[in-house]
Amino acid sequence: MIQPVTAPVGRPLVSAVTGTNGKTTVATATLQLLRAAGLHAAGCDSTGIDDVHGAVRPAQFRRSAQFLPDLIAEQVALGAEAISLEAFVGILKDGLFEHVEVDVAVCTGLERDHLDVHGSLEAYWGAKLRLFEEHLRPDGVAVLATDCAQGDLVRDAAARRGARLVTVGPGGDVVLEEAEEVAAADGAVRLEGVLCVGSQRLPVLLPTVHAVAVTNLLLAASAVIALGAGPGTVAEALAGVTPPPGRLEVIGRRGGVTAMVDTAHNPAALRTALTAVRDRTEGRVLLVVGAGGERDRAKRAPMGEIAAELADLVVLTDDNPRREPPARIRAEVREGCPDSIEVPRRADAIRAAWEMARSGDVVLVAGKGDETEQLVGTQRVPHDDRAVLRALLARD
């Protein structure tokens, strides 16, 4: 049984999630589950600020230790009893959590990313671990999966803080058992099973079948239970959780071809996305992918290698080149996938992949997800992978 944290005096309950991939998914699921449990809750993540009344606005972070306290105070004035936060590495490094006490801290795993800013994996992971070492209250709860990447570092950080540990997955405190796929009335496939929380066994229906998405849902559920919600209420509410846009999002199907987008922009995320798609694809996986400019160059070839390993056809294109020569970026990714097809203009690359697809195939466009702009030079050029795919799906 998960022992809930003691309710804080004079402030709302605070949950925060960090990690390399999956942060937004866990943060948005946590917010939805808090509300389903009857709490007036607000959230702040990469999709924006979702206030107590459900109004969403862009999150324009300012580099001030007062940003989050001011935001929390604003939401408390609106009636907030709980806050769900996404702890980006930048705001941890820049001290935006300095005056925020966290009741439950979640880690989705520590992989390779942002080395262009931090210089080394140790520095990058160290910035993430500040959530557990400095901002998690000493009697708070740390939540992570039993197979969490660099989980030992998180466990050690939580132990130094004196926090309790809740683990998710095989051998953990929260486990999904007897999972079976079921078809919903709308044709979507879901996962039905038993959610084991300590000695409690609760029927559950999850709105996904992808392993990584299941883990993220269980992380969010564990966080909300640790904040005091009833396990039965949380288990029932999981069926209604909707993912943030751009995360393994199915845009549509036509002629037996499925069009999808995902935000994957580092090696671990790309492997996770491709594995999830590969496991459920009868035909081929056609991948459209690139890499961001003015970012960690050493991850480009590994991304190409993963693309070549897990996709049947790779269309190499531009992501957000920024002020870096796009051709150089593509060349460095291509070191890992020499047999890829190179189509520089992103919209053209998506169309090329779509036109090569046949019934049973999936076209996965990776890297930008729900972004609506492409950063080229110093310009913000309108571009939305989803809009390009929708236009192809609607074409006569």
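The present account deals with the structure reproduced in this document. Please read these numbers as outputs of a predicted model, since none were measured by experiment.

Further remarks concern the nonpolar core. Grouped together as the largest cluster of nonpolar side chains are 43 residues, with contacts concentrated most on Leu33, Val104, Val106, Val143, Leu195 and Leu238. Of the residues forming this core, the biggest block, ten residues, is contributed by helix α7 (residues 211-226). Apart from residues lying up to four places away in sequence, Leu195 is in contact with Val174, Val175, Gln200, Arg201, Leu202, Val204, Leu218, Ala235 and Leu238.

Interaxial distance between helix α1 (residues 23-36) and α7 falls to 8 Å at its minimum, and their mutual angle equals 45 degrees. Between α1 and α7, the angle falls in the class oblique. As for the relative orientation of α1 and α7, their crossing is right-handed in sense. Residues Thr25, Val26, Ala29, Thr30, Leu33 and Leu34 of α1 form the contact with α7, whose participating residues are Asn216, Leu217, Leu219, Ala220, Ala221 and Val224. Partitioning the contact of α1 with α7 into residue classes produces nine nonpolar, three polar and no charged.

If you check helix α5 (residues 121-135), its first and last C-alpha atoms are 21 Å apart, about what 15 residues at 1.5 Å a residue would give, namely 21 Å. The largest bend in α5 comes to about 40 degrees, at Leu129. Taken together, the buried positions of α5 are occupied by Tyr124, Trp125, Ala127, Lys128, Leu129, Leu131, Phe132 and His135.

Moving on, we come to the environment of Ile251. As for its placement among the helices and strands, Ile251 is situated in strand β12 (residues 249-254). By relative accessible area, which is 14% here, Ile251 ends up buried. Taking the C-alpha atoms as reference, Ile251 lies 26 Å from Cys337; in sequence the two are 86 residues apart.

Attention shifts here to unusual backbone geometry. With phi around 55 degrees, Glu294 is a residue other than glycine that occupies positive phi space. The topology assignment puts Glu294 in the loop between β14 (285-289) and α10 (300-310). For Glu294, a relative accessible area of 30% translates into the label partly exposed. One non-glycine residue, Arg322, lies in positive phi territory at about 55 degrees. Judged by relative accessible area, Arg322 falls into the buried class, the value being 17%.

The final tally for this structure, using the stated rule, is one cavity of 30 Å³ or more. Each pocket or cavity is described by its volume, and for the largest cavity that value is around 30 Å³. Ala291, Thr317, Asp318, Asp319, Pro321, Pro326, Ile329 and Arg330 are the residues that line the largest cavity. Residue classes in the lining of the largest cavity are distributed as four nonpolar, one polar and three charged.

The subject of this paragraph is the sheet that holds strand β15 (residues 313-316). Read from one edge to the other, the open sheet built from six strands follows the order β12-β13-β17-β14-β15-β16, with strand pairing classed as mixed. Of all the strands in the sheet, the pair left with one neighbour each is β12 and β16 (341-342). Strand direction decides the pairing type here: β14 and β15, joined by four bridges, are parallel. Bridge pairing links Val288 to Val315 in β15.

Another point: the environment of Glu180. In this fold, Glu180 is placed in strand β9 (residues 174-183). What makes Glu180 exposed here is its relative accessible area of 54%. Taking the C-alpha atoms as reference points, Glu180 and Asp147, 33 residues apart in sequence, are found 22 Å from one another. Those residues in contact with Glu180 that sit more than four places away from it in its chain are Arg190, Leu191 and Glu192.

Taken as a whole and assessed by the stated rule, the structure comprises two aromatic pairs. Here Phe61 and Phe67 contribute two aromatic rings whose centre-to-centre distance is 5.1 Å and whose plane-to-plane angle is 50 degrees, an arrangement assigned as tilted. Overall, Phe61 belongs to the partly exposed group, its relative accessible area being 30%. Through successive ring pairs, a cluster of aromatic residues spans Phe61, Phe67 and Phe88.

Examined against the element boundaries, Asn216 turns out to sit in helix α7. By relative accessible area, Asn216 is classed as buried at 8%.

Most of β14 is tucked away, with five of its five residues classed as buried. Burial along β14 is two-sided: the face carrying Val285, Leu287 and Val289 and the face carrying Leu286 and Val288 are both buried. Relative to strand β17 (residues 362-366), β14 is paired through four bridges, and the arrangement is parallel. Bridge pairing links Val288 to Val365 in β17. For the crossover from β14 across α10 to β15, the handedness is right-handed.

Criteria and thresholds
- Residues numbered from 1 in each chain as written.
- Predicted model: local features only at pLDDT ≥ 70, side-chain atom pairs only at ≥ 80, totals over all residues.
- Heavy atoms only, no water.
- Core = buried A, V, L, I, M, F, W, Y, C linked by side-chain atoms within 4.5 Å.
- Buried < 20%, exposed > 50% of the residue type's maximum accessible area, 1.4 Å probe, protein only.
- Helix = DSSP H or I, 4+ residues; strand = E, 2+ residues; numbered from the N terminus.
- Contact = heavy atoms within 4.5 Å.
- Axes fitted to C-alpha atoms, helices over the stretch in contact; angles between N-to-C directions.
- Parallel < 35°, antiparallel > 145°, perpendicular 65-115°, else oblique.
- Left-handed = near helix turned anticlockwise from the far one by under 90°.
- Nonpolar A, V, L, I, M, F, W, Y, C, P; charged D, E, K, R; others polar.
- Expected span 1.5 Å × (residues − 1).
- Bend = angle between axes of the 7 residues up to and from the residue.
- 1 Å grid on protein atoms, 1.4 Å probe; cavity = no way out; pocket = protein on both sides within 12 Å on 5 of 7 lines; lining within 4 Å.
- Points joined across faces, edges and corners; volume = space filled by probe spheres on them.
- Pairing = 2+ DSSP bridges.
- Phe/Tyr/Trp six-rings, centres within 6.5 Å; stacked < 30°, edge-to-face > 60°.
- Right-handed = clockwise from strand over helix to strand, strands pointing away.

Geometric values such as these leave the question of function open.
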